[in-house]
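Coordinate analysis (summary)
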Amino acid sequence: MRIHVADHPLVAHKLTALRDQRTDSPTFRRLVDELVTLLAYEATREVRTEPVRITTPVAATTGVRLAAPKPLVVPILRAGLGMLEGMVRLLPTAEVGFLGMIRDEDTLAASTYATRLPEDLSGRQCYVLDPMLATGGTLRTAIRFLLDRGADHITAVTLLAAPEGIAVLRDAWDAGPVPVTLVTAAVDERLNEHGYIVPGLGDAGDRLYGVV
Ligand code: URA
């Protein structure tokens, strides 16, 4: 599994503001959106393109355009929804599928409660959005789901990752036939006894949308 940690002062600046417990929900949502747009630039480094002939006002030339089939962006509900606009801003022609996953707060096990995805993902590049890679259970289940439907290239985009979650993904896909890449703004120290990332930013879904 390839891991890319965004190393950029603007990413670090926005992430620090996100972590700050005084940051209110509207500001938090705006910062997530901006941060994901920066991460999307890295995450799409291997997006497939095909040559296209065009004519500029000066001459004919060959450029590129995104290849078919369209990439699929998959936010994991609920917190991944806060990352969607930032991602499709750079990939406006992508299709969007949805995966609703919930983590049992006692066992920390992830389960799927809703899906809206194409049945056949053969040949599709998929971008999975989930702000927090904590235990790794949610992302592992989500990636497995996409691979089982035929996806042949997976990039997970997170704001923060814990070493424990990275180890789980590495364990599952270090040697797999399908390339799996993690793009994250930072790797934090560890998980606490409740499965929260330390120092982290708290519950990403609650900070985006409130405690509902
Ligand atoms: N999910 C969150 O929202 N925050 C964490 O720290 C871990 C999982």
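In this report, the structure presented in the accompanying data block is examined. (Residues numbered from 1 in each chain as written. Predicted model: local features only at pLDDT ≥ 70, side-chain atom pairs only at ≥ 80, totals over all residues. Heavy atoms only, no water.)

Here we look at the overall build of the protein chain
- Helix and strand counts for the protein chain come out as 6 helices and 13 strands.
- The C-alpha radius of gyration computed for the protein chain amounts to 17 Å, which stays within 12% of the reference 17 Å derived for 212 residues, consistent with globular compactness.
- Structurally, the protein chain occupies a C-alpha span of about 60 × 35 × 30 Å along its principal axes.
- Buried residues in the protein chain amount to 47% of all 212 residues.
- Taking the intrachain contacts of the protein chain between residues at least 6 apart in sequence as the baseline, contacts between residues at least 24 apart amount to 72%. (Helix = DSSP H or I, 4+ residues; strand = E, 2+ residues; numbered from the N terminus. Rg over C-alpha atoms; globule rule 2.2 N^0.38 Å. Buried < 20%, exposed > 50% of the residue type's maximum accessible area, 1.4 Å probe, protein only. Contact = heavy atoms within 4.5 Å.)

Some thoughts on the layout of surface pockets
- Taken as a whole, the largest pocket encloses approximately 660 Å³ of empty space.
- Surrounding the largest pocket, 28 residues form its lining, Ala-79, Met-101, Arg-103, Glu-105 and Asp-203 being those nearest its centre.
- The class makeup of the residues in the lining of the largest pocket is 15 nonpolar, 7 polar and 6 charged. (1 Å grid on protein atoms, 1.4 Å probe; cavity = no way out; pocket = protein on both sides within 12 Å on 5 of 7 lines; lining within 4 Å. Points joined across faces, edges and corners; volume = space filled by probe spheres on them. Nonpolar A, V, L, I, M, F, W, Y, C, P; charged D, E, K, R; others polar.)

A few points about the nonpolar core
- Counting residues in each nonpolar core, the largest one holds 37 residues, and the members touching the most others are Leu-18, Val-32, Val-73, Met-87 and Leu-159.
- Contributing elements (two or more residues each) for this core: α1 (9–19), α2 (25–43), α3 (84–90), β8 (125–129), β10 (153–161), β11 (180–187) and α6 (204–209).
- With 8 residues, the top contributor of residues to this core is α2.
- In this structure Leu-159 touches Leu-18, Val-32, Leu-35, Val-36, Leu-39, Met-83, Asp-130, Pro-131, Thr-184, Ala-185 and Ala-186, once residues within four positions along its chain are discounted. (Core = buried A, V, L, I, M, F, W, Y, C linked by side-chain atoms within 4.5 Å.)

A look at the pairing of strand β6 (residues 98–103)
- Looking at chain direction, strand β4 (residues 72–77) and β6 are connected through 2 bridges and run parallel. What sits directly across from Leu-77, in β6, is Gly-100.
- Counted between consecutive antiparallel strands, the loop separating β6 from strand β7 (residues 110–116) contains 6 residues, among which Leu-108 sits at a positive phi close to 65 degrees. (Pairing = 2+ DSSP bridges.)

Comments concerning the site of the ligand
- Near the ligand you find Arg-103, Met-132, Ala-134, Gly-195, Tyr-196, Ile-197, Gly-202, Asp-203 and Ala-204, and these make up its full shell.
- Gly-202 has a polar backbone atom sitting 2.8 Å from a nitrogen atom of the ligand.
- Ala-204 places a polar main-chain atom, nitrogen or oxygen, 2.8 Å from an oxygen atom of the ligand.
- Judged by the fraction of its atoms near the pocket grid, the ligand is located in the largest pocket.
- Residue composition of the shell around the ligand, by class: 5 nonpolar, 2 polar and 2 charged. (Near = heavy atom within 4 Å. Polar contact = N/O pair within 3.5 Å; in protein donor to acceptor, adjacent residues only side chain to side chain. Sits in = over half its atoms within 2 Å of the grid points.)

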